[in-house]
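# A closer look at the structure
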Amino acid sequence: MTAHSPSRSGRRPKARRRAGTLVSGVVVSVVALGAAAYAVLQPYVVPDDFDGRGRGKVTVRIAPGASASDVGTQLAETGVVASARSFVNETVARAVADRLKPGHYRLRRGMAAGAALDLLLAPGSRIVRRVMVPEGMRIDETLERVAAQSGLPLKELRSADPALVGLPAYARGLEGFLFPATYEVEPGASAVDMLAAMAERFGVAAAKVNLEARAARVHLTPREVVIVASIVQAEGGRDADYPKIARVIYNRLNANMPLQLDTTVLYAQGRRTLKVSESDTKIDSPYNTYLHKGLPPGPVSSPGEKALMAALRPARGDWYWFVTTDPAHRITKFTDKESEFVRYREELNRYLGTD
């Protein structure tokens, strides 16, 4: 019986070979699956990345609402970083995804993801021009300042169609409705874009002071409130004087007295001076409030929020006159007596050296 045992032992090696083949196949499959998984996951685990701070210059625009992934994709497509994932991983590791702001940025090609992120977070990398428009400027002065600081052509600013700017329905032109503030002008912005931003900012201020609803409380239209505010702003003085100046204007209007304001006369002449002569008060202009009763036909400056609020909430008082007796220190005196007004005017004349 033993002599015939090779017939059984001959089948066993075949079984082992099949088992070995099966095990080997499993190992190969696992290795293959592992390699495939690594190939899929590798860009996420160890994504492509450049070394260093790159070279050359490239401008990248981050759109409003763009996610870190959106930014990373754009940077990769423009050759700034090697892969979008390397940039996203960097923002996640540093927890700064919420600090990516829209705008144009000056970067370099071939940057490490971390270096690119550093530049995007650095204020100096953003390409933007800042325009600062102070309160009380007239439209011509405003447009000249905007042109000088933004680089936009003055001709285009002056010729911009007001219908495209987004002015409030009660406005009849740009004067008084381009809000004085600081603006950031992005590359590629047009004259209309700039003016629209200023008109939109006026709308924000008007809504804040509830201009349209409160205008009726002072018995004026919203546009007339802006005219009063523009006068208040042009007259200057200290912030605390604004409601008093508004009250003088309302008192004189209610008494059917001419406003007799130097600022409106100077606006008609396109001049800026503290010295107003008697002949100046006789010029033929609807803005001459010495000759014509009521408000002038339009704003005479760009009022800020405090002037708008003063026009809507004038102080209580019986004053009919005011004089800024010391312009350098913005000292303004108010009175309900004409004799005191004459005396205050003499103080101003002495200050100006014209007495």
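Residues numbered from 1 in each chain as written. Predicted model: local features only at pLDDT ≥ 70, side-chain atom pairs only at ≥ 80, totals over all residues. Heavy atoms only, no water.

### A short note on the packing of helix 10 (residues 222-235) against helix 11 (residues 242-254)
- Remark: helix 10 packs on helix 11, axes separated minimally by 9 Å, with the N-to-C direction vectors making an angle of 125°. The pairing of helix 10 with helix 11 is recorded here as oblique in orientation. Judged by the twist between their axes, the crossing of helix 10 over helix 11 is right-handed. Each of V228, I231, V232, Q233 and E235 in helix 10 lies in contact with helix 11, whose residues at this interface are Y242, I245, A246, I249 and Y250. (Axes fitted to C-alpha atoms, helices over the stretch in contact; angles between N-to-C directions. Helix = DSSP H or I, 4+ residues; strand = E, 2+ residues; numbered from the N terminus. Parallel < 35°, antiparallel > 145°, perpendicular 65-115°, else oblique. Left-handed = near helix turned anticlockwise from the far one by under 90°. Contact = heavy atoms within 4.5 Å.)

### Some points on the packing of aromatic side chains
- Evaluation of the coordinates by the stated rule reveals 7 aromatic pairs.
- Between the aromatic rings of F322 and F334, the centroid separation amounts to 5.8 Å while the plane-to-plane angle is 35°, which identifies the pairing as tilted. Separated by 12 residues along the polypeptide, F322 in strand 5 (residues 321-326) and F334 in strand 6 (residues 331-335) bring together distant segments of the chain. Comparing F322 with F334, the two get one shared label, buried.
- One aromatic cluster in this structure is built from Y170, F177 and F202. (Phe/Tyr/Trp six-rings, centres within 6.5 Å; stacked < 30°, edge-to-face > 60°. Buried < 20%, exposed > 50% of the residue type's maximum accessible area, 1.4 Å probe, protein only.)

### Here we look at the layout of surface pockets
- As a volume, the largest pocket reaches approximately 990 Å³.
- As for the largest pocket, its lining consists of 41 residues, of which E235, D262, T263, F322 and R345 are closest to the centre.
- Every element with two or more residues in the lining of the largest pocket is listed here: helix 10, helix 11, helix 12 (262-269), strand 5 and helix 14 (338-352).
- Of the residues assigned to the lining of the largest pocket, the class counts are 20 nonpolar, 12 polar and 9 charged. (1 Å grid on protein atoms, 1.4 Å probe; cavity = no way out; pocket = protein on both sides within 12 Å on 5 of 7 lines; lining within 4 Å. Points joined across faces, edges and corners; volume = space filled by probe spheres on them. Nonpolar A, V, L, I, M, F, W, Y, C, P; charged D, E, K, R; others polar.)

### Quick word on unusual backbone geometry
- A positive phi angle, close to 55°, is found at N210, a residue other than glycine.
- Examined against the element boundaries, N210 turns out to sit in the loop between helix 8 (191-208) and helix 9 (211-215).
- With a relative accessible area of 36%, N210 lands in the partly exposed category.
- With a phi angle near 60°, N256 is a residue other than glycine that sits in the positive phi range.
- Locating N256 in the fold gives a position in the loop between helix 11 and helix 12.

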